[in-house]
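Coordinate analysis (summary)
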Amino acid sequence: MVVVCREMYMKIDISDTGIGIPEQHQGTIFKRFFREDIVHDIPGIGIGLYLAREIVTRQRGFIRVTSEPGEGSTFSVFLPRV
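Report on the accompanying structure. Just so you know, these numbers come straight off a predicted model, no measurement behind them.

Let's talk about the overall build of the protein
Regarding its fold elements, the protein presents one helix and four strands. Reading the helices (α) and strands (β) of the protein from amino to carboxyl end gives β-β-α-β-β. For the protein, the residues scored as buried account for 28% of the 82 residues in total. Pairs at least 24 apart in sequence give 50% of the contacts found in the protein among residues at least 6 apart. Roughly 6100 Å² of accessible area belongs to the protein as shown, and the carbon and sulfur atoms make up 56% of that amount.

Examining the pairing of strand β2 (residues 9-15)
Summarising the sheet, strand β1 (residues 2-5) and β2 pair through four bridges and their orientation is antiparallel. Bridging across to β2, Cys5 finds its partner in Met10. For β2 and strand β4 (residues 72-80), the ladder comprises seven bridges, and the chain directions are antiparallel. Residue pairing across strands places Lys11 opposite Phe78, the latter belonging to β4.

Things to note about the pairing of strand β3 (residues 62-68)
Burial of the side chains of β3 is restricted to one face: Ile63, Val65 and Ser67 are buried, whereas none of Phe62, Arg64, Thr66 and Glu68 on the reverse face is. Where β3 and β4 come together, seven bridges link them in antiparallel fashion. Residue Phe62 lies in a different strand from β4, and its bridge partner there is Phe78. Between β3 and β4, which pair antiparallel and follow one another directly, the connecting turn spans three residues, one of which, Gly70, has a positive phi of 80°.

Here's the deal with the side chain of Asp13
For Asp13, the location among the structural elements is in strand β2. Separated by 2.5 Å, the side chains of Asp13 and Ser76 make a polar contact. With sequence-adjacent residues up to four places away left out, Asp13 is seen in contact with Met1, Val2, Thr74, Phe75 and Ser76.

Describing the sheet that holds β4
Strand order in this open sheet of four strands is β1-β2-β4-β3, and the pairing throughout is antiparallel. Taken across any chain shown, the strands that pair with only one partner, and hence form the sheet edges, are β1 and β3. Taking the axes of each pair of neighbouring strands and ignoring which way they run, one obtains an average angle of 15° across the sheet. Strand contacts of helix α1 (residues 48-58): β3 and β4, with the helix running at about 20° to β4, the strand carrying the most contacts.

Rules used throughout
- Per chain, the residues get numbers from 1 upward, laid out in the order the sequence is written.
- pLDDT decides what is reported in this predicted model: residues at 70 or higher carry local features, side-chain atom pairs at 80 or more are listed and counted, and totals for whole chains, interfaces and linings draw on all residues regardless.
- Think of the side-chain values as coming from all heavy atoms in the structure, minus any hydrogens and water.
- Helix and strand labels come from DSSP, where a helix needs a run of H or I of at least four residues and a strand needs a run of E of at least two; each type is numbered from the N terminus.
- Each residue is placed in one exposure class: buried if its accessible area under a 1.4 Å probe, protein chains only, is under 20% of its type's maximum, exposed if it is over 50%, and partly exposed if it falls in between.
- In what follows, a contact means two residues having at least one pair of non-hydrogen atoms within 4.5 Å.
- All accessible-area figures derive from a Shrake-Rupley calculation using a 1.4 Å probe, and residue coverage is judged against the displayed protein chains alone.
- Paired strands, as defined in this entry, are two strands with at least two bridges between them according to DSSP.
- Residues adjacent in sequence count toward polar contacts only when both atoms are side-chain atoms; beyond that, a polar contact is any pair of N or O atoms within 3.5 Å, and within protein one must be able to donate a hydrogen and the other to accept it.
- All axes are obtained by fitting lines to C-alpha atoms, using only the stretch in contact for helices, and the reported angles, taken between N-to-C directions, cover 0 to 180 degrees.

See the structure below:
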């Protein structure tokens, strides 16, 4: 995890070394109950990223993902500094 504080916002990067997310799905991973076909055998209901986005949005922030299949993902959370 990396935290960067700027004058107007704070950026928090959370990275993993998982399977990665194809670019065509990066816009849909924050939808409620979305799960990639490849992970349907793994327990879960696909609500974690949806809830994360909802919480961050209600704090007047936003969340962004950068990912490469087979390389992992980095989720960047941007929150306003109060």
